[in-house]
Structures are given as structure tokens and as C-alpha cells.
Amino acid sequence: MNPQIEESWLAVLAGEFEQPYFSELKTFLVEEKRRYVVYPPGSLIFNAFAHTPFHKVKVVVLGQDPYHGKGQAHGLSFSVPEGITVPPSLANIFKEIQNDLGVPPSSSGNLVSWADQGVFLLNATLTVRAAEAGSHQNKGWEPFTDKVIEALSVGREHIVFLLWGNYARAKKKLIDAQKHLILEAPHPSPFSVHNGFFGCKHFSKANEYLRQHGITPIDWSIRR
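A quick note: this is a predicted structure, and the numbers were derived from the prediction, not measured.

Enquirer: How would you summarise the environment of Leu 174 if you had to cite specific residues and measurements?
Expert: Inspection of the secondary structure puts Leu 174 in the loop between α7 (166-169) and β6 (181-185). Residue class for Leu 174 comes out buried when judged on its relative accessible area of 15%. Apart from the residues lying within four places of it in its own chain, the contact partners of Leu 174 are Asp 146, Ile 149, Glu 150 and Ser 153.

Enquirer: So what's going on with the side chain of Lys 58? Residues and values would help.
Expert: Tracing the chain through its elements places Lys 58 in the loop between α3 (47-51) and β2 (59-63). In this structure, Lys 58 is buried with no salt-bridge partner, the nearest side chain bearing the opposite charge being Asp 219 at 11 Å. Separated by 2.9 Å, the side chain of Lys 58 and the backbone oxygen of Thr 216 make a polar contact. Contact partners of Lys 58, with chain neighbours within four places excluded, come to Gln 117, Gly 118, His 158, Ile 159, Val 160, Leu 210, Ile 215, Thr 216, Pro 217 and Ile 218.

Enquirer: Lay out the nonpolar core with the relevant residues and their values.
Expert: Nonpolar side chains tend to gather and get buried jointly when the protein is soluble and globular. Grouped together as the largest cluster of nonpolar side chains are 65 residues, with contacts concentrated most on Trp 9, Phe 49, Trp 114, Phe 120 and Phe 144. When residues of this core are assigned to their parent elements, the largest contribution, six residues, is made by helix α6 (residues 141-155). Look past the residues within four positions of Phe 144 in its chain and what remains in contact with it is Ile 5, Leu 13, Glu 16, Phe 17, Tyr 21, Phe 22, Phe 46, Phe 49 and Leu 126.

Parameters at a glance
Residues numbered from 1 in each chain as written. Predicted model: local features only at pLDDT ≥ 70, side-chain atom pairs only at ≥ 80, totals over all residues. Heavy atoms only, no water. Helix = DSSP H or I, 4+ residues; strand = E, 2+ residues; numbered from the N terminus. Buried < 20%, exposed > 50% of the residue type's maximum accessible area, 1.4 Å probe, protein only. Contact = heavy atoms within 4.5 Å. Lys, Arg positive; Asp, Glu negative; His and termini not counted. Salt bridge = Lys/Arg side-chain N within 4 Å of Asp/Glu carboxyl O. Polar contact = N/O pair within 3.5 Å; in protein donor to acceptor, adjacent residues only side chain to side chain. Core = buried A, V, L, I, M, F, W, Y, C linked by side-chain atoms within 4.5 Å.

Remember, this is a structural readout, not a statement about activity or role.
If you want it as C-alpha cells, here you go:
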């Protein structure tokens, strides 16, 4: 795997690709791809970076790892390509957006229109073995994506970090709360959505914070 990553991100993260952990990660992925089907396709592993350059990030939505079903993962957390059924967690995100902002739920789960506006849809683990959730955790992706979060915290200001679920909330320690807005809630999965994700109003709160700092808010509808 030779990382093809957007220029502004490459400038910030170039040193990480030379680290021993990343070399081990590349070796692991080569072997995984030889033996198994791995998602997303290689060209889409860094898709979130391609759509949301470092200097354009307004909001970070942190997921855990990519969807492991055929055709679902395309390198953007919670998002699926056109024509793929909207997964349950994303359907609940759409419900909260409707409750919060009055935006009707979309039949499309493709969140590229968010990413292009500055919503950085980052998974902590950027690959997964087909049909095996979490199979690429603790193989080297987490140190890399932790560095991504730290780079945003240090190098930017007035970003909204949406941390949903215990895994994402554990990343709070990487973020300077004096420079950024951190919003926390339970995960939007059907198992936890009623424990406080519904009613969190993170989407209106994010936009209000952006407006307060002279930043164009996010259009949370899904544009095709």
C-alpha cells in the first residue's frame, strides 16, 4: 500500500508514513489482501482526506471501523455509496437531524455532500476484512488516526468534534477543548440511540458554534 493522500494532509502527516508502525501496517495489509477480501477498495482508503482537506475541516465525525458488508464501505465514516441501503446507525442520524433541524431523512446514505462542505468523516480504523467487524483494529491504524486528530487539534481552531459512543469519546483526550467544541453522545446504533443520542441536537449546536466564529454552517441535507 502506497498512501495516495491529499496534498494538505500529506504535508501534515508525511512523517507518519515513515514510522515503524506504518511499515508494519502496510505489511499486514498486503498479506490480508492476498488472503481475504478487504474493504474499502484501496483507492478509497483515504477518501475522507480527499474530500475534506486539512484546512477545510469544520466538523469531525469519528467512527470506529468501516462497514464490512459488500459494497458498503467507501472511506467515509457512517456513509455508504449510492444504491446501498442506509445502515441503521445512519438512519438514526438522519432521524435526529430531522428532529433537530426539520430536514427530512434521505433515501441515500452517501455523505459526500457533507464531506465536501468540511465534515471530516474519519474512521479510527481505515480498513476491515469482509464480514469480520473490527478485524483490522490494533494493527496500526489507530496511532495514525490519533495523529490525525491531534494534528487538527493543534494546527486548526474552532472545529466541532462529534464524539458518539464510548470508543469515540475516549479520543477526547487528544483534543484541545479551549480551541474547539467537543460534543458527546451515545452511539446512534439501535442498541444505544435511545440513551441520549436522540435529542442531543448536535447538528444545530455545531452550526451555531460555526456561525459564532464566522464560519459557514453545514447544510445537513443530502445533496446528490
